Amino acid sequence: MTSEPVDRFISRIELFRDLDKAESELITSHFDEKTFKKNEYLFQENSPRKYLYIIAGGEVELFKRTPFGEEKRLSVFGKYDFLGEGSLMDEYPHSTSARAMSKTTVFAISRDTFARIFSTQPATGAKILSRVARVISRRMRQTSTRVVNIAATYVSGRTRKEHDLLGERDVPYEFYYGIQTLRALENFNISGISLSHFPVLIEALAMVKMAAARANFDLGLLLKPVAEAIIRACTEIINGRFHSQFVVDMIQGGAGTSTNMNTNEVIANRALEILGYEKGDYKHCHPNNHVNLSQSTNDVYPTALHIALINSNEKLIEVLKNLISAFREKSRQFAHVIKMGRTQLQDAVPMTLGQSFEAYAITLGEEIERLAQNARLFLEVNLGGTAIGTGIAADPRYGERVINHLREISGLDIILAPNLVEATQDTGAFVMYSSATKRLAVKLSKLSNDLRLLSSGPRAGLNEINLPAMQPGSSIMPGKVNPVIPEVVNQVAFTVIGNDLTVTMAAEAGQLELNTMEPVIAHSIFESIEMLKNGMVTLMHRCVEGITANEEICRRMVENNIGPVTALVPVLGYEVCTDLAREALETNRGVYDIVLERKLISKKELDKLLTPERMVTPQKRNDQ
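What you see is a predicted model, and the numbers here were worked out from it, not measured in a lab.

S.K.: In this structure, what is going on with the overall build of the protein chain? I would like to understand it.
M.R.: When helices and strands are tallied, the protein chain shows 21 helices and 16 strands. For 624 residues, the compact-globule estimate of 2.2 N^0.38 gives 25 Å, and the protein chain exceeds it by more than 25% at 32 Å. Classification of the 624 residues of the protein chain by burial places 48% in the buried group. Within the protein chain, contacts between residues separated by at least 24 positions form 72% of all contacts whose residues are at least 6 apart in sequence. For the protein chain, the accessible surface area stands at approximately 29,600 Å², while carbon and sulfur atoms represent 52% of it. In the protein chain, which carries 71 positive and 74 negative side-chain charges, the distance between the mean positions of the two groups comes to 4 Å.

S.K.: When you look at the sheet that holds strand S4 (residues 60-65) in this model, what are you seeing that I'm missing?
M.R.: In a beta sheet, neighbouring strands are held together by backbone hydrogen bonds and run either parallel or antiparallel to one another. Read across the sheet, 4 strands follow the order S2-S7-S4-S5 without closing on themselves; strand pairing throughout is antiparallel. Each edge of the open sheet carries a strand with a single partner, namely strand S2 (41-43) and strand S5 (71-77). Looking at each pair of strands side by side, their axes are set apart by 30° on average, direction ignored. Sheet topology note: the S4/strand S7 (residues 97-100) ladder contains 4 bridges and is antiparallel. When the sheet's bridge partners are listed, Val60 is paired in S7 with Ala100.

S.K.: Explain the packing of helix H7 (residues 224-238) against helix H8 (residues 257-275) to me, please; I cannot follow it from the model alone.
M.R.: The description of two packed helices rests on the angle between their axes and on the distance between the axes. Viewed as axis vectors pointing N to C, H7 and H8 meet at an angle of 120°, and their least axial separation amounts to 8 Å. Of the two elements, H7 crosses H8, and the hand of that crossing is right-handed. Across from Pro225, Val226, Ala229, Ile230, Arg232, Ala233, Cys234, Glu236 and Ile237 in H7, the residues of H8 making contact are Val266, Ile267, Arg270, Ala271, Ile274 and Leu275. Taken together, the residues of the contact of H7 with H8 sort by class into 12 nonpolar, no polar and 3 charged.

S.K.: What is the right way to look at the pattern of salt bridges in this model?
M.R.: Using the criterion set out here, one finds 42 salt bridges in the structure. Ionic pairing is found between Lys279 and Glu273, a salt bridge with its closest N-O pair at 3.2 Å. Using a relative accessible area of 26% as the deciding quantity, one classes Glu273 as partly exposed. Residue Arg407 is joined to Asp413 by a salt bridge in which the shortest nitrogen-to-oxygen separation is 3.9 Å. Residue Arg407 is classed as partly exposed on the basis of its relative accessible area, which comes to 33%. One salt-bridge network, held together by shared partners, links Asp81, Arg232, Glu236, Arg241, Arg270, Glu273 and Lys279.

S.K.: Teacher, can you tell me more about the packing of helix H10 (residues 297-333) against helix H16 (residues 518-542) here?
M.R.: Following both chains from N to C, one finds H10 and H16 inclined at 15°, their axes separated by 9 Å at the closest point. With respect to H16, the element H10 is oriented roughly parallel. The handedness of the crossing between H10 and H16 is left-handed. Among the residues making up the contact of H10 with H16, the classes are represented as 20 nonpolar, 2 polar and 3 charged.

S.K.: Honestly, a nonpolar patch on the surface in this entry has me stumped. Any pointers?
M.R.: Where nonpolar side chains cluster on the molecular surface, the patch consists of Val442, Phe494 and Ile497 and spans about 270 Å² of accessible area. Looking at the element boundaries, Val442 is found in helix H14 (residues 428-454). With a relative accessible area of 44%, Val442 lands in the partly exposed category.

S.K.: I tried to follow the packing of aromatic side chains on my own but got confused; where do I start?
M.R.: Think of a pair of aromatic rings as described by two things: how far the centres are apart, and how the planes are tilted against each other in angle. Tallying each qualifying case throughout the model produces 17 aromatic pairs. Plain terms: the ring middles of Phe31 and Phe107 are 4.9 Å apart, the flat faces sit at 10° to each other, and that makes the pair stacked. In this pair, Phe31 is assigned in the loop between helix H2 (21-28) and strand S1 (32-36) and Phe107 in strand S8 (residues 104-110), connecting sequence segments 76 residues apart. Judged by relative accessible area, Phe31 falls into the buried class, the value being 14%.

S.K.: Mind showing me how you'd approach the nonpolar core here?
M.R.: A general feature of soluble globular proteins is that nonpolar side chains tend to end up buried together. Leu201, Ile230, Phe526 and Leu539 are the most contacted members of the largest nonpolar core, which totals 117 residues. Of all the elements, H10 adds the most residues to this core, at 16 residues. Apart from residues no more than four positions distant in its own chain, Phe526 is found in contact with Phe198, Val200, Leu201, Met250, Leu305, Ala308, Leu309 and Ser312. Judged by nonpolar contacts, the second largest core, of 21 residues, contains Phe9, Phe31, Ile54 and Val132.

Rules and cut-offs
- Residues numbered from 1 in each chain as written.
- Predicted model: local features only at pLDDT ≥ 70, side-chain atom pairs only at ≥ 80, totals over all residues.
- Heavy atoms only, no water.
- Helix = DSSP H or I, 4+ residues; strand = E, 2+ residues; numbered from the N terminus.
- Rg over C-alpha atoms; globule rule 2.2 N^0.38 Å.
- Buried < 20%, exposed > 50% of the residue type's maximum accessible area, 1.4 Å probe, protein only.
- Contact = heavy atoms within 4.5 Å.
- Areas by Shrake-Rupley, 256 points an atom, 1.4 Å probe, with all protein chains shown as cover.
- Lys, Arg positive; Asp, Glu negative; His and termini not counted.
- Charge placed at Lys NZ, Arg CZ, Asp CG, Glu CD.
- Pairing = 2+ DSSP bridges.
- Axes fitted to C-alpha atoms, helices over the stretch in contact; angles between N-to-C directions.
- Left-handed = near helix turned anticlockwise from the far one by under 90°.
- Nonpolar A, V, L, I, M, F, W, Y, C, P; charged D, E, K, R; others polar.
- Salt bridge = Lys/Arg side-chain N within 4 Å of Asp/Glu carboxyl O.
- Parallel < 35°, antiparallel > 145°, perpendicular 65-115°, else oblique.
- Patch = residues over 30% accessible without salt bridge, like charges linked within 9 Å, V, L, I, M, F, W, Y side chains within 5 Å.
- Phe/Tyr/Trp six-rings, centres within 6.5 Å; stacked < 30°, edge-to-face > 60°.
- Core = buried A, V, L, I, M, F, W, Y, C linked by side-chain atoms within 4.5 Å.

Here you go:
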């Protein structure tokens, strides 16, 4: 149960702000208090909507599952937040799931209860439904993956006036960002990919700002109420809130200043709300004077990038491990399938299909350590160096304190670079990590080529394996099915390889004490990671897991091939075996028959030497 009086509690719930005292008492009299244990569901996706839940204590995460079962967190809700408001309007199934992150107390109102209130007190019900409609409208806007234009979130027509170096502008009141972000929106309509596309970067920026606020409070530079408000705002952002307000294009001039200011403004305005002030009332909490205290874009931006890339890399490796497991499972399934190996697209020697797929698993497995090794380079940061690494405008004790806080907040073994001037201009870690993503991309593209070749035909190609049929392959050729999944992975790889070149050129373009090209470095690497993750998930679920072998075709190719003559070289010698292969090709006969005809070795020995199963592993010679 909440410790504050219920009447005060309900006054802080947005849905009930229009109610008078009598109406509030009516609603609270119908509250049903419920307690949920940690990891217990309030509701699950596709279940009927039955209750409006108002959180009185604890935290609830809202998430959605992908078609492959992966959970994608949408937001975290705490005290005074509410979920399931749509249940007051209809019983359409939930599109998301809600789960308690800790012991959580809620007040619940069922749809049936609200219907009775509405029937007896229609004016009260109408007030609540009006609020519900506004909330649903706002949440629908914020689920958009990008802010296409400024008017997309324009709600009330109310504005606030803000000023900067260049003058004054009217900023729509609902926005948590301010004038500098507004200018950046206008200046950098470049890629159409905003910061909100990469939640891991937004969360990392909030971690850096939280660490800075803690360090500045330790040093007596921030008053406790302001520091606590900034820290709370950062916590909310880390938990998934306000991400729609990070609207600046990923590619921007100014070495990331627009990203930093977008972050500063959102945090400042949310902190102002927490403190009880209006957004834009910056004398109480200023984006630069308070949120950006002891910092510069030039140490905040790269530090946040480092943290975000470390965390992104963990997710990339997780997806990679799953793909490796899928290939390894196929290697077990196909361990008994004998086929011809090939070099330079020409017949070589026999092997098993299982060996082919095990090789794919091994080669991809090598990339786990390469990615992890290069991601560890990001643990060294320049936070505290401010503008160029000299630490101007920061307390001498700030660097050590902020790093200690950032280690605690991020859970990473972050260290301060030994020379902050060098670290501020160095982009070597980005180059190294990008090269690791390129190496993975090259391997994925190669094995995708293999899958396309092995499944080619089906009548006029190799046709050793069958890829799952995903879609009709032609608008004019009936019956054609193309290897569309390996094809799309090829294209993912081409993009990643191109992004690596972009990172290389941007790193080279650094001048003097700063590399101003870091935004395109960030965009390129994040895009590579996301495309690799999506490509590997698609390859695993829509291709590898459904591959089947054409065992008879594979074995027939071995038995009718001259490649097995290689197994006779240790016994007959290279020159004799070359002559056997030549005659077999010219006469279209099998090596087996020619050897017997020439009486080079006995039938019993020949059967032993040319047994396909014996040719896929090393064999000890009789004369050894």
